[in-house]
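Residues per chain are reported as follows:
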Amino acid sequence: MGRNDEDGPKDPLRMLEKSHRRLAENLALLREAVAGLPRPEALEAVREVAEFVSRTVARHERDEELTLFPRLRADGDLAPLLAELEAEHRAHELLHQELFDLAEDDRPNASGLQDLSRRLDAAYERHIELEESRVFPAARAALSEADLAAMAEEMQARRGRGGGGGGGGGRGGG
Ligand SMILES: [Fe+2]
Ligand SMILES: [Fe+2]
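What counts, and at which threshold
- Along each chain, the written sequence defines residue order, and numbers are assigned to residues from 1.
- Chains carry letters from A onward and ligands carry numbers from 1 onward, assigned in written order.
- Only residues with pLDDT of at least 70 are given local features in this predicted model, and only at 80 or more are side-chain atom pairs given and counted; all residues enter the totals for whole chains, interfaces and linings.
- Secondary structure is summarised from DSSP: a helix means a run of H or I of at least four residues, a strand means a run of E of at least two, and numbering begins at the N terminus for each.
- For the exposure call, what matters is how many other C-beta atoms sit within 10 Å of a residue's own: 20 or more marks it buried, 12 or fewer exposed, and in between partly exposed, using C-beta atoms placed from the backbone.
- Take the buried Ala, Val, Leu, Ile, Met, Phe, Trp, Tyr and Cys residues, join any whose C-beta atoms are within 7 Å, and the set you get is a nonpolar core.
- Whether two residues are in contact depends on their C-beta atoms, placed from the backbone: they are in contact if these lie within 7 Å.
- The predictor's confidence in any single residue is recorded as pLDDT, a number from 0 to 100.

**Some thoughts on the overall build of the chain**
(1) Moving on: When helices and strands are counted, the chain shows 5 helices and 0 strands.
(2) Moving on: Going from the N terminus to the C terminus, the chain shows its helices and strands as α-α-α-α-α.
(3) Moving on: In the chain, buried positions account for 23% of the 174 residues.

In structure tokens, the structure reads:
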């Protein structure tokens, strides 16, 4: 574990884990927000989570599908799990769209949003657990430093900036 990569080259697996923590924080914000509906500030908070999910979480799932999973498919033991996780990403996209649609309504459907918040929690709890307990450790074991560096580059390109500096800003990260 020795290397501290906070300031050095980005570790793509750490980036994916951090992204999971931010998602968990946003799901907690959503639970709180839907309990406060129909107050306008609660609806505003729901909309912020919807925006985060449709932009940042969608990009996280592209990182996994386009950058991480293809590098692990040669591992026959892991392949069925990767296919399952990809199928779950398709189900997540439907939940994201549902959240975005419900959040747009100026007279929010509180019970619909509360139910959706619970479904998002359920969907992500197990999904993240599987990725962090099985996929990321397998990637650590199988991938070389060069693989990890190439992954970090792909992920940063997806964020619209090159490998240098950056990352300090509030909204752009993820
Ligand atoms: Fe995933
Ligand atoms: Fe993930």
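**Section: the nonpolar core**
(1) Moving on: Within the largest apolar cluster, 18 residues are counted, with the highest numbers of intra-cluster contacts made by Leu 30, Ala 33, Val 46, Val 49, Ala 50 and Val 53.
(2) Moving on: The greatest single-element share of this core, amounting to 8 residues, is contributed by helix H2 (residues 40-68).
(3) Moving on: Ignoring any residue separated from it by four or fewer positions in sequence, one finds Ala 33 in contact with Ala 42, Ala 45, Val 46 and Val 49.
(4) Moving on: Residues Phe 69, Val 135, Leu 148 and Ala 152 belong to the second largest nonpolar core, which totals 13 residues.

**Let's talk about unusual backbone geometry**
The general pattern is negative phi for most residues beyond glycine and trans for most peptide bonds.
(1) Moving on: With an omega dihedral of 10 degrees, the bond running from Leu 37 to Pro 38 counts as a cis peptide bond.
(2) Moving on: Here Pro 38 lies in the loop between helix H1 (12-35) and H2.

**Some details on the confidence of the model for the chain**
(1) Moving on: Mean pLDDT for the chain: 90, with 87% of residues reaching 70 or above.
(2) Moving on: Segment residues 1-5 is flagged for pLDDT under 50; beyond a separation of four residues in sequence, or across chains, it makes 3 contacts in the model.
(3) Moving on: Scored below 50 in pLDDT, residues 162-173 makes 6 contacts in the model with residues more than four places away or belonging to other chains.

**A look at the environment of Pro 38**
(1) Moving on: A tally of 12 C-beta atoms within 10 Å means that Pro 38 is categorised as exposed.
(2) Moving on: The spatial distance from the C-alpha of Pro 38 to the C-alpha of Pro 108 is 6.6 Å, given a sequence separation of 70 residues.
(3) Moving on: Residue contacts for Pro 38: discarding those within four places in its chain leaves Leu 43, Pro 108 and Ala 110.

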